[in-house]
Amino acid sequence: AVRFANGRLRSPESLRFTVYRSRDTTHPRKRNRRILVSETERLCYVGHNFGSGVMKCNSLCRYFVGVLDKDSGQMEVYNAEMFNMQPLLSGGRGWVLPQPLLGLYVPPALSRSVLLIPALFPQHGGRRVPSLLHAVRKSGRGKHSEPRVEVKQGVDLCIEAFGTSKQKRALSSRRMNTVGNDIVSTAVTKAAANIIDAKGVTALMQDVAQDDVQTISAFLPPCHEDADRPEHVYKFEDILSPSEYEALRVPAAALASATAEDIARKAEERSHCSFVLEELKFLPADEKSRDHKARCLWFLDTLIKFSHLKVIKKKHPMGPECPHIISRKLMKNFTSLTYNNGSVQNLVSASMKAKIAAYVIALALHINNFQTDLTILQNDMKLQESRILDIAKALRLKVSKAKGVLGLENDHKLGTLSLPLPVQKAPAGQRKRKKMN
């Protein structure tokens, strides 16, 4: 079975194929080596089942060809092998024949179709290329780049003098493409220089920085920069819609009614993240406020657990107790689609995990009066400190150390949302490592 690398044939019935086998029938690997050759009106095609360019599907799958007998109605099945047929262009990038191999039989018919083949297999009696190639190869020993260019030029000269019409057309097309690439490269360089002269390097760098900021903002909650109060910068309705908030009433009831013994048991079982377990100790006494905080904590805990997943294989990844509208929100807003093994899957990629972290921080700000411990959230989400600090700065938070804050260790980082908002900046890239004396 064959597959052509550069397209489909209009009339495959007119093709004739020739198979060449290895002479070494005793070696367990070399005895199965094959070279398949085909020729059309314009090009020659070559495929092989060994070497660096061999198709991997032959080792992963088995192929069969069925031959149907119309008279008896029975089909005979034969083992088949897939060959990737590539155009054979002398001296160009389309050259796909393997390196010389001892014991590989290449007949004179194949050597006449392409001028380079006798040079690759001189020990098997094929026709030799004119002495120009042999002299260039001999003079170029011990060098790397220059002899390769000279060999290519020598092959072009051989094609011009002795090549077939198909080889000459391929050579002409390759030269025209080379000239076209040079023209395009020159035009692009000139256009870039004109833009730099007209706009200036500083303005271009500002445009690039603005594009980076817009790319970052695609993974953040909607930010209202003209807000007059911190709670209006990242509105609660942008994190949880009214219908989603109402759906959390039933699953969050267990958190709202949790006693001190229940919280201690949950801490032992580690059924919730550290942030939620810590905040459950400080639930308000007012029933309405207590229910509101319990709903926020339940959704924040669900977001953190969802960020630990990689490939979503279940219809309800967070369990049957998770409301359908919340499951749909997680799948729609915090996963990316990927194609794997013939099916479409939902994947929690690195960018989606960063988006979840941004929404977790925004929700934690609403829970903790717009100041939250970033270190606890970092540990819960299993992120690096630099990663969560970059997300916090993208959210326009002021990051500080937790010195003198009751109940927090000194090495913890706090994120505070206050007005006026600091100027948003794109990440400066990888941080420089400190030199150790």
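Residues numbered from 1 in each chain as written. Predicted model: local features only at pLDDT ≥ 70, side-chain atom pairs only at ≥ 80, totals over all residues. Heavy atoms only, no water.

Going by the annotation in an unreviewed UniProt entry, the name recorded for the protein chain is RPA49 polymerase, with Neopipo cinnamomea given as the source organism. For the record of the protein chain, the UniProt heading Sequence similarities (unreviewed entry) holds the text "Belongs to the eukaryotic RPA49/POLR1E RNA polymerase subunit family." Listed in UniProt under the heading Subcellular location (unreviewed entry), the comment for the protein chain reads: "Nucleus, Nucleolus". (UniProt positions renumbered as here; feature names shortened; annotations may be inferred.)

Enquirer: How would you summarise the overall build of the protein chain if you had to cite specific residues and measurements?
Expert: Regarding its fold elements, the protein chain presents 17 helices and 13 strands. The buried share of the protein chain, reckoned over its 437 residues, is 36%. Partitioning the contacts of the protein chain with sequence separation of at least 6, the portion at a separation of at least 24 is 56%. (Helix = DSSP H or I, 4+ residues; strand = E, 2+ residues; numbered from the N terminus. Buried < 20%, exposed > 50% of the residue type's maximum accessible area, 1.4 Å probe, protein only. Contact = heavy atoms within 4.5 Å.)

Enquirer: So what's going on with the pairing of strand S6 (residues 75-80)? Residues and values would help.
Expert: Pairing analysis gives six bridges linking strand S5 (residues 63-68) to S6, with the strands arranged antiparallel. If you follow Val-65 over to S6, its bridge partner there is Tyr-78. From the end of S5 to the start of S6, which pair antiparallel, there are six residues, and Gly-73 there has a positive phi angle of about 75 degrees. (Pairing = 2+ DSSP bridges.)

Enquirer: Report on the packing of helix H15 (residues 350-367) against helix H16 (residues 374-381), specifying residues and quantitative values.
Expert: The description of two packed helices rests on the angle between their axes and on the distance between the axes. Contact pair H15 / H16: the axes reach a minimum separation of 11 Å and the direction vectors enclose 140 degrees. The hand of the H15/H16 crossing is right-handed. Contacts between H15 and H16 involve Lys-353, Ile-356, Ala-357, Val-360, Ile-361 and Ala-364 on the former and, on the latter, Leu-374, Leu-377 and Met-381. (Axes fitted to C-alpha atoms, helices over the stretch in contact; angles between N-to-C directions. Left-handed = near helix turned anticlockwise from the far one by under 90°.)

Enquirer: Explain the pattern of salt bridges to me, using residue names and the numbers behind them.
Expert: Taken as a whole, this structure holds 11 salt bridges when the rule is applied. Here Glu-278 makes a salt bridge to Lys-281, at a shortest N to O gap of 3.6 Å. Between Glu-279 and Lys-293 there is a salt bridge, with the nearest N and O atoms lying 3.0 Å from each other. Here Glu-279 is found in helix H12 (residues 274-280), whereas its partner Lys-293 is found in helix H13 (residues 287-307), with 14 residues between them in sequence. Each member of the pair, Glu-279 together with Lys-293, is buried. Through salt bridges that share partners, Asp-262, Arg-265 and Glu-269 make up one connected network. (Salt bridge = Lys/Arg side-chain N within 4 Å of Asp/Glu carboxyl O.)

Enquirer: Give me the lowdown on the sheet that holds strand S4 (residues 44-48), citing residues and values where you can.
Expert: Spatially, the five strands line up as an open sheet ordered S1-S7-S4-S3-S2, and their pairing is mixed. Both edges of this open sheet fall to strand S1 (2-4) and strand S2 (17-21), since each of them pairs with a single strand only. On average, each strand axis in the sheet is tilted by 25 degrees relative to the strand beside it, whichever way the strands run. As paired elements, S1 and strand S7 (residues 83-87) share three bridges and run parallel to each other. Its bridge partner being in S7, Phe-4 is matched across the sheet by Met-85.

Enquirer: If you had to explain the pairing of strand S13 (residues 413-416) to someone new, which residues and values would you point to?
Expert: Each regular strand displays side chains that alternate between the two surfaces of the sheet. Residues Lys-413 and Gly-415 point to one face of S13 and Leu-414 and Thr-416 to the other, with burial holding for every one of them. Sheet topology places strand S11 (residues 371-373) next to S13; three bridges connect them, and they run antiparallel. Paired with Thr-372 across the strands is Gly-415, a residue of S13. In this structure, strand S12 (residues 398-401) lies alongside S13, joined through four bridges in antiparallel fashion. Following the sheet pairing, Lys-401 is matched in S13 by Lys-413.

Enquirer: Quick one: what's the story with the environment of Pro-420, residue by residue and with numbers?
Expert: Tracing the backbone through its elements, the reader meets Pro-420 in the segment after S13. In this structure, the C-alpha to C-alpha distance between Pro-420 and Arg-229, residues 191 residues apart in sequence, is 9.5 Å.

Enquirer: How would you sum up the nonpolar core? Please name residues and give values.
Expert: With 62 residues, the main nonpolar core has Phe-275, Leu-300, Phe-306 and Ile-361 as its most contacted residues. For this core, the secondary-structure elements that each account for two or more residues are helix H8 (236-239), helix H10 (253-256), H12, H13, helix H14 (324-333), H15, H16 and helix H17 (385-394). Among the elements that line this core, the one with the most residues is H15, at 12 residues. Once you skip the residues sitting within four places of it in the chain, Ile-361 turns out to touch Leu-374, Leu-377, Ile-388, Ile-391, Leu-395 and Leu-397. Grouped together as the second largest cluster of nonpolar side chains are seven residues, Tyr-20, Ile-35, Val-46 and Leu-88 included. (Core = buried A, V, L, I, M, F, W, Y, C linked by side-chain atoms within 4.5 Å.)

Enquirer: I'd like a description of unusual backbone geometry, backed by residues and values.
Expert: Glycine aside, a negative phi is what most residues show, and trans is what most peptide bonds show. Cis geometry is found at the peptide bond from Leu-419 to Pro-420, where omega equals -5 degrees. In this structure, Arg-270 is a non-glycine residue whose phi angle is positive, near 55 degrees. For Arg-270, the position within the fold is in the loop between helix H11 (260-269) and H12. Positive phi values are uncommon outside glycine, yet Arg-396 reaches one of about 70 degrees. Examined against the element boundaries, Arg-396 turns out to sit in the loop between H17 and S12. What makes Arg-396 buried here is its relative accessible area of 8%.

Enquirer: Would you mind going over the packing of aromatic side chains in detail, with residue names and values included?
Expert: All told, the structure shown has two aromatic pairs when counted by the stated rule. Consider the rings of Phe-236 and Tyr-245, whose centres lie 5.8 Å apart with planes at 80 degrees: the pair is edge-to-face. Since its relative accessible area comes to 14%, Phe-236 is described here as buried. For Arg-295, the ring lying beneath its charged end belongs to Tyr-245, and the centroid distance is 4.6 Å. (Phe/Tyr/Trp six-rings, centres within 6.5 Å; stacked < 30°, edge-to-face > 60°. Lys NZ or Arg CZ within 6 Å of the ring centre and 35° of its normal.)

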